[in-house]
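Breakdown of the fold
Here is what each chain is made of, one letter per residue.
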Amino acid sequence: MTTRDLHTLTLTEARSALDRGQFSAVELVDALLGRIEALNPALNAFVTVTAEEARAAARAADERRAAGRPLLLDGLPIVHKDIFCTQGVRTTCGSRMLEDFVAPYDATVVARLRDAGAVMLGKSNMDEFAMGSSNETSFFGAVANPWNHACSPGGSSGGSSALVAGRLAPAATGTDTGGSIRQPAALTGTVGLKPTYGRVSRYGMIAFASSLDQAGVITRSVEDAALLLTAMAGFDERDSTSIDEPVPDYAAALDGDVSGLRVGIVQQHFDAGLDAATGDAVRAALGVLESRGAILKDVDLPNIDLSVPTYYVVAPAEASSNLSRFDGVRFGHRAADPEDLLDLYCRSRGEGFGAEVKRRILTGTYVLSAGYYDAYYLKAQRVRALIAEDFRRAFGQVDVIAGPTAPTPAFELGAKTDDPITMYLNDIYTIGANLAGLPGLSVPCGFVDGQPVGLHLVAGHFAEQTLLNAAHSYQQASDWHTACPEAYA
Ligand code: GLN
């Protein structure tokens with residue numbers, strides 16, 4: 001292993017090489033910072049690079065290792081989606097509204113990973129306030145997909161997915177409200193894990209739709225996702241929706257044994273909206289699980305077709321409330337020379353927010369307004385309960401539900417920007433898990449015309465171990481996740 005190859009290592013590989021003293025954390029971090037400098041201009045995956053802080057943290061990790069006291073993730077590089085507050089480093093949420101915002105504290109996810117020794121390389125680009133499926137709504141510009149620079153890396157965690165696929169870092173955090181970890185993972189050939197709602201603290205994660213948002217990770221191997229989840233998960237008294245459940249050592253418990261695992265197939269996930277070649281790749285992946293002993297079984301989610309319309313009432317409603325704090329007074333961009341208070345609010349919000357965010361705020365305000373509340377918001381909440389009940393019943397019959405992560409491989413930048421409804425349909429297979437609060441994971445399962453596609457797995461509440469084990473078993477039998485875009489090898 002020369003220092004020229006350090007970017008090819010997964011977290012798990014880098015950790016054992018560091019333990020063996022093959023290279024130092026400083027060398028690893030330097031190698032990646034060099035790649036970021038060389039390759040990020042074409043990708044635009046970073047909003048901020050924290051080179052000096054990263055070198056200092058790597059030095060500290062090397063010292064702990066030399067003293068024989070390494071932490072769980074000591075010296076392992078990571079990038080945080082720019083939705084997580086980082087003390088002393090700006091947190092933009094992809095918005096002009098927060099272009100200069102520096103949080104006075106760390107998000108719990110950031111603090112826990114740092115306390116486990118992980119080294120932050122910077123903050124990744126994202127759709128504005130995590131609203132989008134292509135990373136094109138970012139104030140800082142679109143992100144390119146390393147597999148084809150003309151294509152989107154997915155969104156909203158598009159910076160995270162692109163930089164992991166391009167091996168600018170072995171791992172990045174993400175957030176998933178309707179699919180924003182899993183869809184970009186699928187479109188870049190990476191692993192994306194969205195844990196159970198409440199498994200990981202949302203403290204310090206800028207809120208989009210609080211009842212749906214959940215933090216997770218994008219990595220290349222399932223093992224790495226398991227390793228990071230162990231460090232991130234757990235109760236946090238500062239997030240009243242985080243749940244006090246013990247955190248297992250997810251990575252240690254991966255055995256890849258899926259014999260007898262009941263895998264549910266939902267017919268609607270393979271209907272006319274699914275690209276045919278993507279469907280073939282997913283069916284082949286299901287065949288692999290079956291050949292390893294899993295039992296495939298049809299299951300019914302009778303109300304799943306209502307998940308996208310339900311989400312696009314609930315999520316904007318919550319967003320319209322959450323984003324009211326960005327008014328130029330409490331938080332965010334302040335317009336110059338206001339005539340009066342109303343002018344200050346209107347122009348600050350008008351200038352600070354982009355078009356998609358405004359669309360969501362308008363929709364959300366509308367569905368919550370007196371006279372429409374019952375017809376839209378309340379009805380959506382009822383349908384949400386039905387969808388959650390469908391999953392509950394299905395998980396009485398199967399252990400995981402498997403299908404495609406996204407209906408198509410990566411699409412060209414600009415292809416869907418004028419058609420919000422088509423853009424929203426990107427998450428048609430992932431949104432159900434958010435509405436029901438369930439964990440979901442995307443694992444690379446093939447290529448269509450040179451672009452990666454993903455297999456999507458969903459499990460019952462707090463069954464992350466089952467999910468990770470099924471995906472790990474699949475990775476043991478496949479090598480899609482080791483493929484690398486040519487220019488990034
Ligand atoms: N694409 C969906 C949206 O635009 C989901 C985004 C997300 O999961 N943050 O709302």
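Residues numbered from 1 in each chain as written. Predicted model: local features only at pLDDT ≥ 70, side-chain atom pairs only at ≥ 80, totals over all residues. Heavy atoms only, no water.

1. Some points on the site of the ligand
Neighbouring residues of the ligand: 15 residues in total, closest Gly178, Ser180, Tyr311, Arg360 and Asp427. Here an oxygen atom of the ligand and a backbone polar atom of Gly179 are 3.2 Å apart. Taken by itself the ligand offers 290 Å² of open surface, and the protein chains cover 100% of this. Residues that form the shell around the ligand fall into these classes: 5 nonpolar, 7 polar and 3 charged. (Near = heavy atom within 4 Å. Polar contact = N/O pair within 3.5 Å; in protein donor to acceptor, adjacent residues only side chain to side chain. Areas by Shrake-Rupley, 256 points an atom, 1.4 Å probe, with all protein chains shown as cover. Nonpolar A, V, L, I, M, F, W, Y, C, P; charged D, E, K, R; others polar.)

2. Overview of a nonpolar patch on the surface
Where nonpolar side chains cluster on the molecular surface, the patch consists of Val329, Leu341, Leu342 and Tyr345 and spans about 370 Å² of accessible area. In this fold, Val329 is placed in the loop between helix H9 (307–322) and helix H10 (341–352). Overall, the relative accessible area of 42% leaves Val329 in the partly exposed class. (Patch = residues over 30% accessible without salt bridge, like charges linked within 9 Å, V, L, I, M, F, W, Y side chains within 5 Å. Salt bridge = Lys/Arg side-chain N within 4 Å of Asp/Glu carboxyl O. Helix = DSSP H or I, 4+ residues; strand = E, 2+ residues; numbered from the N terminus. Buried < 20%, exposed > 50% of the residue type's maximum accessible area, 1.4 Å probe, protein only.)

3. Things to note about unusual backbone geometry
Backbone torsion omega between Gly155 and Ser156 reads 5°, so that peptide bond is classified as cis. Within the secondary structure layout, Ser156 lies in the loop between strand E3 (119–124) and helix H5 (158–165). Of note in the backbone geometry, Arg167 takes a positive phi value of approximately 60° without being a glycine.

4. Re the packing of helix H4 (residues 108–115) against helix H7 (residues 222–232)
For the pair H4 and H7, interaxial distance at closest approach is 8 Å and the crossing angle is 110°. Considering their axes alone, H4 and H7 lie roughly perpendicular with respect to each other. Here Val109, Arg112 and Leu113 of H4 come into contact with H7, specifically with Leu228, Ala231 and Met232. (Axes fitted to C-alpha atoms, helices over the stretch in contact; angles between N-to-C directions. Parallel < 35°, antiparallel > 145°, perpendicular 65-115°, else oblique. Contact = heavy atoms within 4.5 Å.)

5. Focus on the confidence of the model for the chain
Predicted confidence across the chain gives a mean pLDDT of 97, with 100% of residues reaching 70 or more. Mean pLDDT across the elements of the chain bottoms out in helix H13 (residues 420–424) (91) and peaks in strand E2 (residues 77–81) (99). (pLDDT = per-residue confidence, 0-100.)

6. Regarding the pattern of salt bridges
Evaluation of the coordinates by the stated rule reveals 19 salt bridges. One salt bridge connects Glu351 with Arg347, and the closest N-O pair in it is separated by 3.5 Å. With Glu351 and Arg347 both in helix H10 and 4 residues apart, the pair spans about one turn of that helix. Relative accessible area serves as the criterion here: at 29%, Glu351 is assigned to the partly exposed category. A relative accessible area of 28% means that Arg347 is categorised as partly exposed. Note that Glu356 and Arg359 form a salt bridge whose closest N and O atoms lie 2.3 Å from each other.

7. Considerations on the layout of surface pockets
If you add up the space inside the largest pocket, you get close to 320 Å³. Surrounding the largest pocket, 15 residues form its lining, Tyr105, Met205, Ile206, Ala207 and Arg325 being those nearest its centre. Classifying every residue of the lining of the largest pocket gives 11 nonpolar, 1 polar and 3 charged. (1 Å grid on protein atoms, 1.4 Å probe; cavity = no way out; pocket = protein on both sides within 12 Å on 5 of 7 lines; lining within 4 Å. Points joined across faces, edges and corners; volume = space filled by probe spheres on them.)

8. Some details on helix H15 (residues 464–476)
For H15, which comprises 13 residues, the first-to-last C-alpha distance of 18 Å matches the rise-based estimate of 18 Å (1.5 Å per residue) to within 8%. All of the buried residues in H15 are Glu464, Leu467, Leu468, Asn469, Ala470, Ala471, His472, Ser473, Tyr474 and Gln475. The inward-facing, buried residues of H15 abut strand E5 (191–194), H7, helix H8 (276–291), strand E10 (440–448) and strand E11 (451–459). (Expected span 1.5 Å × (residues − 1).)

9. A short note on helix H2 (residues 25–43)
Of all the bends in H2, the largest measures some 40° and sits at Glu37, one to four residues before the proline Pro41. Of all the positions in H2, only Ala25, Leu28, Val29, Leu32, Leu33, Arg35, Ile36, Leu39, Asn40 and Leu43 are classed as buried. Those residues of H2 that are buried lie in contact with helix H1 (11–19), strand E1 (46–49), helix H3 (51–66), E2, E3 and H5. Taken from the residues just after H2, Asn44 is the one with a positive phi, measuring 60°. (Bend = angle between axes of the 7 residues up to and from the residue.)

10. Side note on the packing of aromatic side chains
Applying the stated criterion across every chain, the model contains 15 aromatic pairs. Relative to Tyr424, the ring of Tyr312 has its centre 3.8 Å away and its plane inclined at 10°; by these criteria the two rings are stacked. Placement of the pair is Tyr312 in helix H9 and Tyr424 in helix H13, with a sequence separation of 112 residues. Classification of Tyr424 by relative accessible area gives buried; the value is 10%. When the centroid spacing of 5.2 Å and the interplanar angle of 50° are considered together, the rings of Tyr373 and Tyr377 count as tilted. Linking Tyr373 with Tyr377, this pair stays in helix H12 (residues 373–394), spanning 4 residues, or about one helical turn. Under the relative-accessibility criterion, Tyr377 is labelled buried at 14%. What links up through ring pairs into an aromatic cluster is the set Phe101, Phe129, Phe326, Phe331 and Phe353. It is Lys416 that lies over the ring of Phe411; its NZ or CZ is 4.2 Å from the centre. (Phe/Tyr/Trp six-rings, centres within 6.5 Å; stacked < 30°, edge-to-face > 60°. Lys NZ or Arg CZ within 6 Å of the ring centre and 35° of its normal.)

11. Concerning the state of the cysteines
The full count for this structure, using the stated rule, is 0 disulfides. Take Cys445: it sits in no disulfide, and the sulfur closest to it among the cysteines is that of Cys151, at 17 Å. (Disulfide = S-S within 2.5 Å.)

12. So, the packing of helix H11 (residues 355–368) against H12
Running from amino to carboxyl end, H11 crosses H12 at an angle of 105°, the nearest separation of the two axes being 7 Å. Taken as axis vectors, H11 and H12 run roughly perpendicular relative to one another. Residues Tyr366, Val367 and Leu368 of H11 pack against Tyr373, Tyr376 and Tyr377 of H12. By residue class, the composition of the contact of H11 with H12 is 6 nonpolar, no polar and no charged.

13. Brief notes about the pairing of E10
Most of E10 is tucked away, with 8 of its 9 residues classed as buried. Pairing analysis gives 3 bridges linking E5 to E10, with the strands arranged antiparallel. Opposite Gly192, over in E10, you have Ser442 as the bridge partner. Sheet topology note: the E10/E11 ladder contains 8 bridges and is antiparallel. When the bridges of E11 are listed, Leu441 appears paired with Leu457. Linking two consecutive strands that pair antiparallel, namely E10 and E11, is a turn of 2 residues; a positive phi of about 50° is found at Asp449 within it. (Pairing = 2+ DSSP bridges.)

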